[in-house]
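Architecture and fold: a report
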Amino acid sequence: MSSRATLSLSTDGPAASHLPRLERQLRFILEIDRLKGILRRTLLTDGSRHENSAEHSWHLALMAVVLAEHAAEPVAVDRVVRLLLVHDLVEIDAGDTFVYDAAGHADKQQREQCCAERLFALLPAEQGAELRALWDEFEERATPEARFAAALDRLQPILHNMATAGHSWRHHGITAEQVLDHNRHMAHGAPALWEHVRRLVDAAVEQGWLG
């Protein structure tokens with residue numbers, strides 16, 4: 001018997017608002033486990049398989065701890081970590097939208113908003129509102145922490161592409177111009193990291209990994 005069945009924590013059934021606080025929290029915790037099943041285009045750096053979105057979020061959170069000194073402005077690292085742990089939870093319903101997929105981006109915002117409404121409502125009201133506010137903050141990129149978090153979110157797949165001979169770039173026929181255009185907002189959150197990315201793009205072009 002599954003742990004969900006044993007603990008009576010399925011996300012189906014009575015409205016979450018009528019459940020005891022702990023049960024609502026545990027329902028949310030079990031629900032976000034689904035993020036481990038959302039595959040991204042990016043390979044692990046050893047090239048063995050595609051990473052999932054939960055691994056991506058963990059990687060970014062630790063990157064924030066290590067690279068905080070490169071933020072454009074002083075940032076509260078703990079808040080950056082919280083932003084990064086929450087930012088992709090909506091992919092549980094919406095899936096991972098490839099950054100260079102124009103068609104996928106047409107309804108991306110709507111799909112992700114719908115998931116945010118459902119997912120954060122599983123929690124007790126004040127906790128749900130707190131995590132939803134973090135998700136909104138990341139999306140809006142209006143704070144130094146959100147801009148830095150967004151820069152890390154763009155840096156990581158570039159590093160993975162460089163470690164895997166441009167795997168996802170080559171597979172999808174991505175050009176250097178596309179990489180620079182879609183990632184230039186990194187300069188607002190971490191200018192030193194953006195300059196490093198520009199050098200990586202030049203190196204990828206020389207290797208024939210980018211058009």
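As shown above, the structure is provided for reference.
A quick note: this is a predicted structure, and the numbers were derived from the prediction, not measured.

1. Here's the deal with the side chain of Ser-168
Within the secondary structure layout, Ser-168 lies in helix H10 (residues 167–172). If near-sequence neighbours (up to four positions away) are discounted, Ser-168 is found in contact with Arg-41, Asn-161 and Ile-174.

2. What about the pattern of salt bridges?
In total, this model carries 18 salt bridges according to the counting rule given. For Asp-93, the salt bridge is made with Arg-34, and the minimal N-O distance between the two is 3.8 Å. Linking Asp-93 in helix H5 (residues 91–94) with Arg-34 in the loop between helix H2 (21–32) and strand E1 (39–43), this pair joins segments that are 59 residues apart in sequence. Residues Glu-137 and Arg-79 are paired through a salt bridge, measuring 2.6 Å at the closest nitrogen-oxygen approach. Placement of the pair is Glu-137 in helix H8 (residues 125–140) and Arg-79 in helix H4 (residues 77–86), with a sequence separation of 58 residues. Sharing partners across several salt bridges, the network here consists of Glu-31, Arg-34, Asp-93 and Arg-118.

3. Regarding unusual backbone geometry
In this structure, Arg-141 is a non-glycine residue whose phi angle is positive, near 50 degrees. Relative accessible area serves as the criterion here: at 35%, Arg-141 is assigned to the partly exposed category. A positive phi angle is found at Ala-165, which is not glycine, with a value near 55 degrees. For Ala-165, a relative accessible area of 29% translates into the label partly exposed.

4. Focus on the packing of helix H11 (residues 176–183) against helix H13 (residues 191–207)
Where H11 meets H13, the axes come as close as 10 Å, and the angle between the chain directions of the two elements is 170 degrees. Comparing the axis directions of H11 and H13 gives the class roughly antiparallel. Considering only the axes of H11 and H13, their crossing is right-handed. For the pair H11 and H13, the contacting residues are Ala-176, Val-179, Leu-180 and Asn-183 in the first and Trp-194, Arg-198, Val-201 and Val-205 in the second. Here the contact of H11 with H13 is built from residues that sort into six nonpolar, one polar and one charged.

5. Examining the nonpolar core
Ranked by internal contacts, the top residues of the largest apolar core, which has 53 residues, are Phe-148, Leu-152 and Trp-169. Where this core is concerned, the elements lending two or more residues are helix H3 (53–67), H4, helix H7 (108–120), H8, helix H9 (144–163), H11 and H13. Among the elements that take part in this core, H9 stands out by supplying nine residues, more than any other. Apart from residues lying up to four places away in sequence, Leu-152 is in contact with Leu-60, Met-63, Ala-64, Leu-67, Leu-84 and Leu-193.

6. Here's the deal with the environment of Glu-31
Examined against the element boundaries, Glu-31 turns out to sit in helix H2. The class for Glu-31 is buried, based on a relative accessible area of 2%. For the pair Glu-31 and Leu-119, spaced 88 residues apart in sequence, the C-alpha separation works out to 8.1 Å. Side-chain polar atoms of Glu-31 contact the side chain of Arg-34, separated by 2.6 Å.

7. Side note on a nonpolar patch on the surface
A cluster of nonpolar residues, Trp-58, Leu-62, Val-65 and Val-66, forms a patch on the protein surface that exposes about 420 Å² of accessible area. Within the secondary structure, Leu-62 is located in helix H3. Classification of Leu-62 by relative accessible area gives partly exposed; the value is 42%.

8. With respect to the side chain of Thr-42
Here Thr-42 shows up in strand E1. By relative accessible area, Thr-42 is classed as buried at 6%. The contacts of Thr-42, once residues within four sequence positions are left out, are Arg-49, His-50, Glu-51, Pro-157 and His-160.

9. So, the pairing of E1
Where E1 and strand E2 (residues 50–52) come together, two bridges link them in antiparallel fashion. Residue pairing across strands places Leu-43 opposite His-50, the latter belonging to E2. Connecting E1 to the next strand, E2, in antiparallel fashion are six residues, including Gly-47 with a positive phi near 75 degrees.

Cut-offs used in this document
- Residues numbered from 1 in each chain as written.
- Predicted model: local features only at pLDDT ≥ 70, side-chain atom pairs only at ≥ 80, totals over all residues.
- Heavy atoms only, no water.
- Helix = DSSP H or I, 4+ residues; strand = E, 2+ residues; numbered from the N terminus.
- Contact = heavy atoms within 4.5 Å.
- Salt bridge = Lys/Arg side-chain N within 4 Å of Asp/Glu carboxyl O.
- Buried < 20%, exposed > 50% of the residue type's maximum accessible area, 1.4 Å probe, protein only.
- Axes fitted to C-alpha atoms, helices over the stretch in contact; angles between N-to-C directions.
- Parallel < 35°, antiparallel > 145°, perpendicular 65-115°, else oblique.
- Left-handed = near helix turned anticlockwise from the far one by under 90°.
- Nonpolar A, V, L, I, M, F, W, Y, C, P; charged D, E, K, R; others polar.
- Core = buried A, V, L, I, M, F, W, Y, C linked by side-chain atoms within 4.5 Å.
- Polar contact = N/O pair within 3.5 Å; in protein donor to acceptor, adjacent residues only side chain to side chain.
- Patch = residues over 30% accessible without salt bridge, like charges linked within 9 Å, V, L, I, M, F, W, Y side chains within 5 Å.
- Areas by Shrake-Rupley, 256 points an atom, 1.4 Å probe, with all protein chains shown as cover.
- Pairing = 2+ DSSP bridges.

In short, shape yes, function no, at least from these values alone.
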